[in-house]
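# Secondary and tertiary structure notes
Letter by letter, the chains look like this.
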Amino acid sequence: NAGVTQTPKFQVLKTGQSMTLQCAQDMNHNSMYWYRQDPGMGLRLIYYSASEGTTDKGEVPNGYNVSRLNKREFSLRLESAAPSQTSVYFCASSGAGGIYNEQFFGPGTRLTVL
Amino acid sequence: GNSVTQMEGPVTLSEEAFLTINCTYTATGYPSLFWYVQYPGEGLQLLLKATKADDKGSNKGFEATYRKETTSFHLEKGSVQVSDSAVYFCALSDRSGTALIFGKGTTLSVSS
């Protein structure tokens, strides 16, 4: 039982390049999330997927797209990377939702955009 | 809107000292409250939670009580260890359960 896995762990991009961050969970959770973590800012929600086939914007969606490929996988795409997207990206999942919204986090992807 | 405010760090303590990290929240209705911990180079792990007023969450010697009258969920530990050095995040989840709202995090450094 691996929980939430993310690939890659580290990535360096040049401005304008594109890439996709992968996330998968093996806990049969309905909901999945993408956050970014910046110094002094805590975690901010980029996009989330309440269930397979649905996605919604979070607090900071600009410059990102997501795909809920199936119940297990939720990917985050940067179409044209910018230095402002240098951050640590975390994927998370939760099963019950609502007031029991305990989320399980992956180990993160550290992205640097030059 | 919903928000979480944590005391700013870093918090520096000696081993066996008492720890308090303050957390207050603003929310409509009755949110669930969480403390997450992030060890260096790792993702966030749930430390403890409380889903209704006066609930006390506890884990690994840490405790926090959901105080609706003061809209607070302060984290405490009676005797910290070097291994407790990490970043601690307070978070809330409203009834819709859309996502968690996080505080900015408090860095704790414990020296022997």
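Before going into details, it helps to say that this report is about the structure given with it.

The rules we used
Numbering of residues begins from 1 in every chain and follows the order in which that chain's sequence is written. Whichever chain is written first is A, and whichever ligand is written first is 1; the rest continue in order. Local features are withheld for residues below a pLDDT of 70 in this predicted model, meaning they are given only at 70 or higher, and side-chain atom pairs are given and counted only at 80 or more; totals for whole chains, interfaces and linings count all residues. Hydrogen atoms and water are omitted, and side-chain values are computed over all heavy atoms in the structure. Helix numbering and strand numbering both begin at the N terminus, where a helix is a DSSP run of H or I of at least 4 residues and a strand a DSSP run of E of at least 2. Atoms counted for the radius of gyration: C-alpha only. Globule rule: 2.2 Å times residue count to the power 0.38. When accessible area is computed with a 1.4 Å probe and restricted to protein chains, residues below 20% of their type maximum are described as buried, those above 50% as exposed, and intermediate ones as partly exposed. Here the open area of atoms and residues is found with the Shrake-Rupley method and a 1.4 Å probe, where only the protein chains shown may cover a residue. In summary, the charge assignment counts Lys and Arg as positive and Asp and Glu as negative, without counting His or the chain termini. By convention, the point assigned to a charge is CZ for Arg, NZ for Lys, CD for Glu and CG for Asp. The rule for pairing is simple: two strands pair if DSSP sees at least two bridges between them. Here the axes come from fitting lines to C-alpha atoms, over the contacting stretch only for helices, and the angles between their N-to-C directions go from 0 to 180 degrees. Each salt bridge in this description consists of a side-chain nitrogen of Lys or Arg and a carboxyl oxygen of Asp or Glu lying within 4 Å of one another. Throughout, a disulfide means two cysteine sulfur atoms within 2.5 Å of one another.

### Considerations on the overall build of chain B
- Looking only at helices and strands, chain B features zero helices and twelve strands.
- Secondary structure of chain B in N-to-C order comes out as β-β-β-β-β-β-β-β-β-β-β-β.
- Since a compact globule built from 112 residues should have a radius of gyration of about 13 Å, the 13 Å found for chain B is in line with a globular shape.
- For chain B, the spread of C-alpha atoms along the principal axes amounts to about 45 × 30 × 20 Å.
- Across the 112 residues in chain B, those meeting the buried criterion constitute 45%.
- Counting only carbon and sulfur atoms, one obtains 47% of the accessible surface of chain B, whose full area is about 5200 Å².
- The averaged location of the 11 negative side-chain charges in chain B is 7 Å from the averaged location of its 9 positive side-chain charges.

### Here's the deal with the sheet that holds strand β8 (residues 74-78) of chain A
All names here are of chain A.
- The antiparallel open sheet is built from four strands, whose spatial order is β1-β3-β8-β7. Two strands close off the open sheet at either side, each with one partner strand: β1 (4-7) and β7 (64-68). On average, adjacent strands in this sheet sit at an angle of 20 degrees to one another, irrespective of strand direction.
- Pairing between β7 and β8: five bridges, direction antiparallel. In the sheet register, N65 faces β8, and the bridge partner there is R77.

### Focus on the pattern of salt bridges
- In total, this model carries seven salt bridges over all chains according to the counting rule given.
- In this structure, D38 of chain A and R36 of chain A form a salt bridge, with 2.9 Å as the shortest nitrogen-oxygen distance.
- For D38 of chain A, a relative accessible area of 10% gives the class buried.
- As a salt-bridge pair, K56 of chain B and E63 of chain B come within 3.7 Å of each other at their nearest N and O atoms.
- Note on K56 of chain B: relative accessible area 52%, which makes it exposed.
- Under the relative-accessibility criterion, E63 of chain B is labelled partly exposed at 34%.
- Among the charged side chains, a salt-bridge network with shared partners connects R36, D38 and R44 of chain A.

### Comments concerning the pairing of strand β5 (residues 32-38) of chain B
All names here are of chain B.
- Most of β5 sits out of view: seven of its seven residues are buried.
- Neither face of β5 is open: one carries S32, F34, Y36 and Q38, the other L33, W35 and V37, and all of them are buried.
- Bridge count for β5 against strand β10 (residues 86-93) is seven bridges, and the pairing is antiparallel. Residue pairing for β10: Q38 is matched across the bridge by V87.
- Bridging between β5 and strand β6 (residues 44-50) involves six bridges; their strand directions are antiparallel. Opposite L33, over in β6, you have A50 as the bridge partner.
- Remark: five residues form the turn of the hairpin made by β5 and β6, two consecutive strands paired antiparallel; G41 in that turn has positive phi of roughly 75 degrees.

### Observations concerning the state of the cysteines
Residues and elements named next belong to chain A.
- Applying the stated rule across the entire model yields two disulfides over all chains.
- At a sulfur-sulfur separation of 1.9 Å, the disulfide partner of C23 is C91. Residues C23 and C91 are joined by a disulfide whose S-S torsion is about -70 degrees; by sign, that bridge is left-handed. Placement of the pair is C23 in strand β3 (residues 19-25) and C91 in strand β9 (residues 87-94), with a sequence separation of 68 residues.

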